[in-house]
Amino acid sequence: MNRYRRPRLSLLSTLGLIALFLAAGCQQTTPSESSLPVADPHPAGPAKTGILLVSHGSHSEQWRTMLTQLGDEVQTELVATEGIDGVKSAFMEYTEPSIATRLKEFDAEGYTRVILIPILLTVSSHSFDDIPTIVGLKEDAKSLLTLESEGIERYTPQATVTLAPLLDFSQLLEKNLPRRFAELSKSPAEEGVVLVAYGSEPFNEEWEAFFAHTDEVVQQTTGAAEVVHTWCGHIAHYSGDPTKQAIDDLLTRRERVIVIPVLVARDEGFQGRIIGGAVAESSAPERVAYAGDAILPDKNLNEWIVTIARKLQSESTESPASE
Amino acid sequence: MKVKWRAWALFLHRDLGYFFTGVVVLYAVSGLAMNHAGDWNPNFVVASRDLTLELPNEATQVTTQQVRRCLAEVGEEGNYRSHDFISSQRMKIYLTNGDMVVNLANGSTHHETIGRRPVLYYLNRLHLNPAKWWKVFSDVFAICLVLIAVTGMIVVRGRNGLAGRGKWLVAAGLIVPLLAMFLV
């Protein structure tokens, strides 16, 4: 026999209240049903061009702040350009504002063309497939499924989207890396350099070729004894082991090793735990110089964004039928 | 009036336990699947094969008609979506259920198909809070889990209750997460 007396208020009533509460919650929109104003296309209206700076996105607030600052810094110069009417920044994943959110805003504000500038280093699944799939320019089966499973909304805007080239097109690193090397170097001829980048499994061939060239340029520009590269992203399972191994290899041949992250912005996970951890665990951390910095901030990147935006804007004005 | 707190504890523990059984299993199974995401793909079934396609060696010479003809030869005729060039020597063919990456220098091709893993794909999606209302529901679930845990500790009296062996088991169960907090 049950020793306890049944409470007056049935638990079923409580659960019913929970169900009602949830039903009310169901009225909320999902990420794919944003409550932004419906696009009001202006086919007969004046041409209006917007710039959308798209970065990968990160859980790190510090990382996101650096990218937001980049957008703020180039905004004044870009909107001063004839034919460019607005600048927005978006993150491909993890946090708002997403690409879809920004494109909806551009549509709602009557933009007819959006120049999407990916703040991504070189070709990857994100630049080649994911971003074009998000904006409706491609339908990559893997991207479609991944975007759906990760809750990343696709949105094909009324405005025409033009994709700008990636940062590797700008030769940005050829100035950025030697500058950062100089800040840490004492005697280049006795120093080796480890460049640590994200990497890409499906585009490994292209990343290897790009970094082989970058290694060569950095060595020639800085006079460093040796320059090597390694990966820290998905291809390395987000492990510091490849970085540690590259540092230890160089330490056997060179007096000092300089470690430079070739990542767009600072993220506690990458520059801190993964690369910083590898430096700390190397065979001789006292002979390793590491600042935990990033490609940003770099005025050359700001200049390049302005230059490429203006170039694409003028091209679209010259040949509007090209797309 | 005396509050029948132990009776409340029993009813809450029992009925919330029943109500959230499915969600507990959902989070447990998808948690297990995603815990090992480094060893396998918990969301998708990816199948791949290597083959050779006869296409021109230069990107500029490749036509859609040639791509479609090659696909027909390998049984993928109806799956063509589009194609694009990664570089002058590498091409990607988009299919309805996957893709092919072709090395134009020698025609060697890597063909991958991708599909949702039955059941697990949907469980994992829910685990990642895909919608606002689900987030609300999972918040309620999380609060109820705490209730289930707390009420579970006090429903039994005597030597099998919290005052007896219960306290030792609770303490033992706390050791691993506490160690992890300081060591990991």
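Bear in mind that the values here come from a model prediction, so they are computed numbers and not experimental data.

Trainee: Whenever I open this one, the overall build of chain A confuses me. Can you help?
Mentor: Scanning chain A from N- to C-terminus turns up 10 helices and eight strands. Across the 323 residues in chain A, those meeting the buried criterion constitute 54%. Relative to all contacts within chain A whose residues are 6 or more apart in sequence, the contacts with residues 24 or more apart total 76%. Summed over all atoms, the accessible surface of chain A reaches about 15,100 Å², with 53% contributed by carbon and sulfur.

Trainee: Explain the sheet that holds strand E7 (residues 256-261) of chain A to me, please; I cannot follow it from the model alone.
Mentor: Remark on secondary structure: sheet strands pair via backbone hydrogen bonds, oriented parallel or antiparallel. All names here are of chain A. Spatially, the four strands line up as an open sheet ordered E6-E5-E7-E8, and their pairing is parallel. Since the sheet does not close on itself, it has two edges, and those belong to strand E6 (226-231) and strand E8 (288-290), each with one partner. With direction set aside, neighbouring strand axes in the sheet form an average angle of 25°. In the sheet, strand E5 (residues 191-197) pairs with E7 via six bridges, with the strands oriented parallel. Bridging from a neighbouring strand, valine 193 pairs with isoleucine 258 of E7. Where helix H7 (residues 204-222) meets the sheet, it contacts E5 and E6, and its direction lies at approximately 155° from that of E6.

Trainee: Quick question: what am I supposed to make of the packing of helix H4 (residues 125-134) of chain A against helix H5 (residues 141-149) of chain A here?
Mentor: The relative placement of two packed helices is expressed as an angle between their axes plus a distance between the axes. All names here are of chain A. Contact geometry for H4 and H5: axes closest at 9 Å, N-to-C directions at 65°. The element H4 and its partner H5 pack so that their crossing is right-handed. Across the interface between the two elements, Asp129, Asp130, Thr133 and Ile134 from H4 touch Ser143, Leu144 and Leu147 from H5. By residue class, the composition of the contact of H4 with H5 is three nonpolar, two polar and two charged.

Trainee: Would you take a moment to explain the sheet that holds strand E1 (residues 44-52) of chain B for this structure?
Mentor: Taken in spatial order, the five strands line up as E1-E5-E4-E3-E2 (chain B) in an open sheet, and their pairing is antiparallel. With partners counted over all chains shown, the strands left at the sheet margins are E1 and strand E2 (80-85) of chain B, one partner each. Neighbour-to-neighbour, the strand axes of this sheet turn through a mean angle of 15°, independent of strand direction. On the sheet, H5 of chain A packs against E1, E2, strand E3 (90-95), strand E4 (98-103) and strand E5 (108-116) of chain B and is oriented at approximately 30° with respect to E5 of chain B.

Trainee: What exactly am I supposed to notice about the packing of aromatic side chains here?
Mentor: Here the distance between the centres and the angle between the planes together describe a pair of aromatic rings. Summed over the entire model, instances satisfying the criterion amount to 19 aromatic pairs over all chains. Taken together, a centroid distance of 5.7 Å and an interplanar angle of 85° make the contact between tryptophan 207 of chain A and tryptophan 231 of chain A edge-to-face. With tryptophan 207 of chain A in helix H7 and tryptophan 231 of chain A in strand E6, this pair connects stretches of sequence that are 24 residues apart. In this structure tryptophan 207 of chain A comes out as buried when scored by relative accessible area, which is 4%. Among the aromatic residues, ring-to-ring pairing joins Phe19, Phe20, Tyr27, Trp133, Trp134, Phe137 and Phe141 of chain B into one connected group. It is lysine 138 of chain A that lies over the ring of phenylalanine 128 of chain A; its NZ or CZ is 3.6 Å from the centre.

Trainee: How should I be thinking about the domain arrangement of chain A in this particular structure?
Mentor: Residues and elements named next belong to chain A. The domain boundaries assigned to chain A delineate domain 1 (49-168) and domain 2 (172-290). The gap between the C-alpha centroids of domain 1 and domain 2 is 28 Å. Residue-level contacts link 15 residues of domain 1 with 15 residues of domain 2. For the pair domain 1 and domain 2, the summed buried surface comes to about 1,400 Å²; carbon and sulfur atoms form 68% of the total. Contact with domain 2 buries surface across domain 1, with Gln62, Leu121 and Val123 losing the most and accounting together for 35% of the total. The tally of links from domain 1 across to domain 2 stands at four residue pairs in polar contact (both at pLDDT 80 or more). Every element with two or more residues in the side of domain 1 that touches domain 2 is listed here: helix H2 (61-79) and H4. A per-element tally of the side of domain 1 that touches domain 2 places H2 first, with four residues. Split by residue class, the side of domain 1 that touches domain 2 holds eight nonpolar, six polar and one charged.

Trainee: Looking at this structure, I do not really get the confidence of the model for chain B. What am I missing?
Mentor: A low pLDDT score tells you not to read the predicted coordinates there in detail. Mean pLDDT over chain B works out to 91, with 98% of the residues at or above the 70 mark. Taken together, the chains of this predicted complex give a pTM of 0.79 and an interface ipTM of 0.71.

Trainee: What should I look at first to understand the packing of helix H8 (residues 241-251) of chain A against helix H9 (residues 268-280) of chain A in this one?
Mentor: Residues and elements named next belong to chain A. Interhelical geometry of H8 versus H9 gives an angle of 35° and a closest axis separation of 8 Å. Like other packed secondary-structure pairs, H8 and H9 cross with a definite hand, here right-handed. Residue-level inspection shows Thr243, Lys244 and Ile247 of H8 in contact with H9, the latter providing Ile275, Ala278 and Val279. Class assignment of the residues belonging to the contact of H8 with H9 gives a composition of four nonpolar, one polar and one charged.

Trainee: Would you take a moment to explain the pattern of salt bridges for this structure?
Mentor: When the charged atoms of two side chains with opposite charge come close together, those side chains can pair. A complete count under the given rule lists 26 salt bridges over all chains for this structure. Across the pair lysine 138 of chain A and aspartate 129 of chain A runs a salt bridge whose closest N-O atoms are separated by 3.7 Å. The pair lysine 138 of chain A / aspartate 129 of chain A is uniform in exposure class, with both members buried. Between lysine 92 of chain B and aspartate 99 of chain B there is a salt bridge, with its nearest N and O atoms 3.7 Å apart. One connected set of salt bridges, linked through shared partners, spans Asp129, Lys138, Asp140 and Lys142 of chain A together with Asp84, Lys92, Asp99 and Glu112 of chain B.

Trainee: What should I look at first to understand empty space enclosed by the protein in this one?
Mentor: All names here are of chain A. Counted according to the given criterion, the structure contains one cavity of 30 Å³ or more. Of the volumes computed, that of the largest cavity is approximately 50 Å³. Every residue lining the largest cavity is listed: Leu53, Val54, Ser55, Leu67, Thr68, Ser89, Ala90, Phe91 and Ile119. Broken down by secondary-structure element, the contributors of at least two residues to the lining of the largest cavity are strand E1 (49-55), H2 and strand E2 (84-91). Among the residues making up the lining of the largest cavity, the classes are represented as six nonpolar, three polar and no charged.

Definitions and limits used
- Residues numbered from 1 in each chain as written.
- Chains lettered and ligands numbered in written order.
- Predicted model: local features only at pLDDT ≥ 70, side-chain atom pairs only at ≥ 80, totals over all residues.
- Heavy atoms only, no water.
- Helix = DSSP H or I, 4+ residues; strand = E, 2+ residues; numbered from the N terminus.
- Buried < 20%, exposed > 50% of the residue type's maximum accessible area, 1.4 Å probe, protein only.
- Contact = heavy atoms within 4.5 Å.
- Areas by Shrake-Rupley, 256 points an atom, 1.4 Å probe, with all protein chains shown as cover.
- Pairing = 2+ DSSP bridges.
- Axes fitted to C-alpha atoms, helices over the stretch in contact; angles between N-to-C directions.
- Left-handed = near helix turned anticlockwise from the far one by under 90°.
- Nonpolar A, V, L, I, M, F, W, Y, C, P; charged D, E, K, R; others polar.
- Phe/Tyr/Trp six-rings, centres within 6.5 Å; stacked < 30°, edge-to-face > 60°.
- Lys NZ or Arg CZ within 6 Å of the ring centre and 35° of its normal.
- Domains from an automatic or database assignment.
- Buried area = accessible area lost by both parts, 1.4 Å probe.
- Polar contact = N/O pair within 3.5 Å; in protein donor to acceptor, adjacent residues only side chain to side chain.
- pLDDT = per-residue confidence, 0-100.
- Salt bridge = Lys/Arg side-chain N within 4 Å of Asp/Glu carboxyl O.
- 1 Å grid on protein atoms, 1.4 Å probe; cavity = no way out; pocket = protein on both sides within 12 Å on 5 of 7 lines; lining within 4 Å.
- Points joined across faces, edges and corners; volume = space filled by probe spheres on them.

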